Amino acid sequence: MSFKKKDNQIYYNPIRRAVLNHQLIEPGDKVAIGMSGGKDSTSLLYFLDMIAKQKRLGFEFEIVPITLAMGFDVDIAPLQAFTTSLGYELEIVPTNIAQVVFDIREERSPCSLCAKLRRGILYNRAKELGCNKVALGHHLDDAIETYFMNFLFHGQMASFEPKSYLSKTGITLIRPLIYVEEKQIIHFVKREELPVIFNPCPVDKQTKREEIKHLVTNLAQSYPDIREKFIMGMEQGLAANFWTKTYAPLQK
């Protein structure tokens, strides 16, 4: 693996800023990383491993990479080799999620159920392994796309948070890549030739999120600083500035 002069500016400083701003990782944490085999989670493992080994946060924490075997015919050997090269053993959790979603339930819009099942299994296994936090590879573009999906489809002005405590499992969900742009992750994966496992899901690239991704891309062409403005709005915006519905008293 190589290290370029601008890597601190583009990757490590934003991750460190997100961690410190939102207390994503704290001394003694045991952090499970949900490894899907995609570019985002693979990059997340690489970055957090480097941060941990170089003690860039000023304290120590543990990393546990976990992947779910979804029930598709997928070769995860490259992902195993990658985690081994960093000094970790990839925890593989067998599931029948693909069968449940596509064969048993025959979901026409399977993403929501699939995500719910994956999260539940991941959180439970992380808890069994003694982890108190689970890190996902959601980046800045994911946060913006989620905001627009909530706004356009549900009339809600909200996105996911960098840190969420899950009371049912006692796990804290964190997103250390929240300040990193997707295009920078794509560039890093290509440059370092990190393994990316082909997604065999039959609805991959055919979802509403894919439509919103194109919307955000087009907006960024006219407004190049849309991502920076989004961070500013989410961190400094006040819900009190939104309209508040009031009800007039009933006439007697």
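Residues numbered from 1 in each chain as written. Predicted model: local features only at pLDDT ≥ 70, side-chain atom pairs only at ≥ 80, totals over all residues. Heavy atoms only, no water.

### With respect to the sheet that holds strand β4 (residues 133–135)
Reasoning step 1: Strands sit in the order β3-β2-β1-β4-β6-β5 across an open sheet of six strands; the sheet is mixed. The strands lining the two open edges of the sheet, one partner per strand, are β3 (91–94) and β5 (163–166). With direction set aside, neighbouring strand axes in the sheet form an average angle of 30°.
Reasoning step 2: With three bridges connecting them, β4 and strand β6 (residues 171–174) associate as parallel partners. (Pairing = 2+ DSSP bridges. Helix = DSSP H or I, 4+ residues; strand = E, 2+ residues; numbered from the N terminus. Axes fitted to C-alpha atoms, helices over the stretch in contact; angles between N-to-C directions.)

### Some thoughts on unusual backbone geometry
Reasoning step 1: Unusually for a residue other than glycine, Lys55 sits at a positive phi of about 50°.
Reasoning step 2: Here Lys55 falls in the partly exposed class, since its relative accessible area comes to 49%.
Reasoning step 3: Positive phi, normally seen in glycine, also occurs at Glu193, with a value near 55°.
Reasoning step 4: Structurally, Glu193 can be placed in the loop between α7 (182–192) and α8 (208–222).
Reasoning step 5: Exposure remark for Glu193: the relative accessible area of 71% places this residue in the exposed category. (Buried < 20%, exposed > 50% of the residue type's maximum accessible area, 1.4 Å probe, protein only.)

### Let's talk about the nonpolar core
Most often, soluble globular proteins keep nonpolar side chains buried together rather than apart.
Reasoning step 1: Within the largest apolar cluster, 49 residues are counted, with the highest numbers of intra-cluster contacts made by Ile25, Leu48 and Phe61.
Reasoning step 2: Counting only elements with at least two residues in this core, the list comes to α1 (7–22), β1 (30–34), α2 (39–53), α3 (77–85), α6 (140–154), α7, α8 and α9 (226–236).
Reasoning step 3: Among residues more than four places away in sequence, those in contact with Phe61 are Ile25, Glu26, Asp29, Val31, Leu48, Ile51 and Ala52.
Reasoning step 4: With 18 residues, the next largest nonpolar core counts Leu68, Leu113, Leu136 and Ile171 among its residues. (Core = buried A, V, L, I, M, F, W, Y, C linked by side-chain atoms within 4.5 Å. Contact = heavy atoms within 4.5 Å.)

### Some remarks on helix α5 (residues 111–128)
Reasoning step 1: If you check α5, its first and last C-alpha atoms are 26 Å apart, about what 18 residues at 1.5 Å a residue would give, namely 26 Å.
Reasoning step 2: Within α5 the residues assigned to the buried category are Leu113, Cys114, Leu122, Tyr123 and Ala126.
Reasoning step 3: Gly130 lies just past α5 and shows a positive phi near 85°. (Expected span 1.5 Å × (residues − 1).)

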